[in-house]
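Understanding the architecture of this molecule
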Amino acid sequence: MKNSIPAVALLNRKAGIGWTTGRHTSVPVPVFALGRGQERFGGSYDNTELAKKMMDLCGLSPVAKE
């Protein structure tokens, strides 16, 4: 896992993403959106709920664990 940290930092810089912590806080995050599907966002959500909303917008289904 340690070897992936530099790669993640590089991807974050390229994408223009910044983080306020390097840890999971388990606190719902405020979300706002513009564009297609924006009506599905607006409020505070758990990170797993956000993933499901984004997958739904992309027409994807969660993969069941075996």
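Just above sits the structure.
Residues numbered from 1 in each chain as written. Predicted model: local features only at pLDDT ≥ 70, side-chain atom pairs only at ≥ 80, totals over all residues. Heavy atoms only, no water.

A few words now on helix α2 (residues 47-57). Restricting attention to buried positions, one finds in α2 the residues L50, K53 and L57. For α2, the angular spread of buried residues about the axis comes to 65°, placing them on one side. Packed against the buried residues of α2 are β1 (29-31) and β2 (43-45). (Buried < 20%, exposed > 50% of the residue type's maximum accessible area, 1.4 Å probe, protein only. Helix = DSSP H or I, 4+ residues; strand = E, 2+ residues; numbered from the N terminus. Arc of directions from axis to C-beta. Contact = heavy atoms within 4.5 Å.)

Grouped together as the largest cluster of nonpolar side chains are five residues: V31, F41, Y45, L50 and L57. Discounting residues that sit within four places of it in the chain, V31 has contacts with F41, G42, G43, Y45 and L50. (Core = buried A, V, L, I, M, F, W, Y, C linked by side-chain atoms within 4.5 Å.)

Turning to the environment of M55, a few remarks are in order. Checked against the element boundaries, M55 lands in helix α2. Apart from the residues lying within four places of it in its own chain, the contact partners of M55 are L60, S61 and P62.

The values are spatial; any link to function lies outside them.
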